[in-house]
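# Summary of structural features
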Amino acid sequence: MKRWLIFFLPCIALLTTCRTAPVHDNATSVRDNTVRAKQQQREPFQERLTLLFAGDIMAHKPNYSMNDYSTIWSDIAPLVSSCDFSFANIEAPVDDTLPYSTFPFFNMHREYPEAAIDAGFNVFSLVNNHSNDKELSGIQHTLAWAEEVAEKRHNTERKVFFAGLKKSADEAIGYKIIQKNGWTILFCATTEILNRKIASEYMNYVQATPSARNSFKERIKKIKAENKCDIFILSIHAYMSEYIRTVPNELRTYYYELLDCGVDIIWANHPHVVLEREFVGKKEDGRFSKLILYANGNTISAQRYEPQFSAPYNSREYTGDGLLYKVTYFKKDKGGIPILEETEAHYITTYITTAWTFVIKFLNDDFIDYLKSVERHNWARYITARKKIMEQTPVRKTWR
């Protein structure tokens, strides 16, 4: 069939172009499962690579006051650990020499983020507007912890990677090379926003000015030119207002420019609410090869500590929900062109139990049925509304 016909026959396109364009969210085909079973016999090269993108891991007082942090992650751990690489943003310093602290100046102890690692998360951005909440000492302790964790897990099946902070002030914006089963990923983590500029030279900080952004685009080109990779992933803690649910046109244009510089996935955060996602492709290629996640919201927090059961549409209610976005890449041969094959959207919510613990649940019908069964009817109605709201999150497909 000629390629131009595909765009005029959308029903046929879904059946015939599974290797050239992403299918709808939450679509997993029987064919894919069959190929996945076969590819396990073809190590060390693996035809498919699965990536999972979460949002912000936060630790407000209700979160870090829990006795068992593993319960936060127990429901989503099977999904997280099933993906080759699962990404999250740690929104605080990790400094055991100081007490836990909540807003406005956060601090975690190692056992809190390590519970997320035990659940399967293995690639982290450490840079955001709270990374210097405990000034240079907090950054240095966070780096030391990250290096210790990475070294401890270096010889394990599930290595752990961190990016975003610097050991010295004169370092260029850095990146990590992540490799597995014949795949190579470049991962760079940056922030455009700081609450204060203390020790900012020890962070991958890119000011949201035209000159700084232009310099950063040149840095991205250089990183890409110097490193052969299958996928280039850029994490941006974006310069935009918190809690808004629309993407500024200026930011969208800037992200397009970064894609043109060689980035394949932009994984952005900061607003603490889930924003739209966008596939970007060239018509002449006949496929969507790039992806922008404008914000995946909070993965865990206590920002929604008093759900407004009678007003589920209020802007603050969005801070209790997040997105786990699974992306599958395919390539036929080692060294071949990676194809963005399929995606799955898994919406999650932070649920407050009767014991006042904050845990992550999938925002789905099973959870709603559970709430009804334990007669938490306010929660059941609220989650039913929140599920419908989150499922309306826009998905764009843009030809450029």
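Preceding this paragraph is the structure being described.
Residues numbered from 1 in each chain as written. Predicted model: local features only at pLDDT ≥ 70, side-chain atom pairs only at ≥ 80, totals over all residues. Heavy atoms only, no water.

Let us look at helix H10 (residues 249–260). Between its first and last C-alpha atoms H10 spans 17 Å; for 12 residues at 1.5 Å apiece the expected length is 16 Å, and the two agree. By the burial criterion, the buried members of H10 are Leu251, Arg252, Tyr254, Tyr255, Tyr256, Leu258 and Leu259. Residues of H10 that are buried in the fold lie against helix H9 (210–226), strand S7 (231–237), strand S8 (265–269), strand S9 (277–282), strand S10 (287–293) and strand S15 (395–399). Looking one or two residues past H10, Gly262 carries a phi angle of roughly 125°, positive in sign. (Helix = DSSP H or I, 4+ residues; strand = E, 2+ residues; numbered from the N terminus. Expected span 1.5 Å × (residues − 1). Buried < 20%, exposed > 50% of the residue type's maximum accessible area, 1.4 Å probe, protein only. Contact = heavy atoms within 4.5 Å.)

A few words now on the pairing of strand S1 (residues 48–57). The element S1 is largely enclosed, with a buried count of 10 among its 10 residues. When S1 meets strand S2 (residues 85–90), the two strands line up parallel, connected through five bridges. From the neighbouring strand, Leu52 faces S2, where its bridge partner is Ser86. Looking at chain direction, S1 and strand S11 (residues 298–300) are connected through two bridges and run parallel. Residue pairing for S11: Ile57 is matched across the bridge by Ile300. (Pairing = 2+ DSSP bridges.)

With that out of the way, let us pick up the side chain of Thr350. With respect to the helices, strands and loops of the structure, Thr350 is situated in strand S13 (residues 339–352). Taking relative accessible area as the criterion, Thr350 reaches 5% and is therefore assigned buried.

When you tally the buried positions in S7, you get seven out of seven residues, the bulk of the element. On S7, burial covers both faces: Ile231, Ile233, Ser235 and His237 on one face and Phe232, Leu234 and Ile236 on the other are all buried. After leaving strand S6 (residues 183–191), the chain enters H9 and then returns to the sheet as S7, a path that is right-handed. Inspection of the sheet shows S7 paired to S8 by five bridges, in the parallel sense. (Right-handed = clockwise from strand over helix to strand, strands pointing away.)

Glancing now at the packing of aromatic side chains. Each aromatic ring pair is specified by the distance between its two centres and by the angle formed by the two planes. Summed over all chains, the structure comprises 22 aromatic pairs. When the ring of Phe87 is compared with that of Phe187, the centres are 5.4 Å apart and the planes differ by 75°; the resulting orientation is edge-to-face. With Phe87 in strand S2 and Phe187 in strand S6, this residue pair connects regions lying 100 residues apart in the sequence. The exposure class of Phe87 is buried, given its relative accessible area of 0%. Between the aromatic rings of Phe187 and Trp267, the centroid separation amounts to 6.4 Å while the plane-to-plane angle is 35°, which identifies the pairing as tilted. One end of the pair, Phe187, is in strand S6; the other, Trp267, is in strand S8, and 80 residues separate them in sequence. In this pair, the class of Phe187 matches that of Trp267, namely buried. Taken together, Phe309, Tyr351, Phe367, Tyr370, Trp379 and Tyr382 form an aromatic cluster joined through their ring pairs. Stacked on the ring of Tyr370, the Lys or Arg Lys361 has its end atom at 6.0 Å from the ring centre. Here Arg386 stacks its cationic end above the ring of Tyr318, 4.2 Å away from the centre of that ring. (Phe/Tyr/Trp six-rings, centres within 6.5 Å; stacked < 30°, edge-to-face > 60°. Lys NZ or Arg CZ within 6 Å of the ring centre and 35° of its normal.)

Moving on to the environment of Lys228. Secondary-structure assignment places Lys228 in the loop between H9 and S7. In this structure the C-alpha to C-alpha distance between Lys228 and Ile185, which are 43 residues apart in sequence, comes to 9.0 Å.

This next bit is on the pattern of salt bridges. Throughout the structure, instances matching the rule amount to 25 salt bridges. Between Glu148 and Arg110 there is a salt bridge, with its nearest N and O atoms 2.8 Å apart. Remark: Arg110 occurs in the loop between S2 and helix H7 (111–118) and Glu148 occurs in helix H8 (residues 135–152); sequence separation between them is 38 residues. Residues joined in a network through salt bridges with shared partners are Asp96, Arg110, Glu114 and Glu148. (Salt bridge = Lys/Arg side-chain N within 4 Å of Asp/Glu carboxyl O.)

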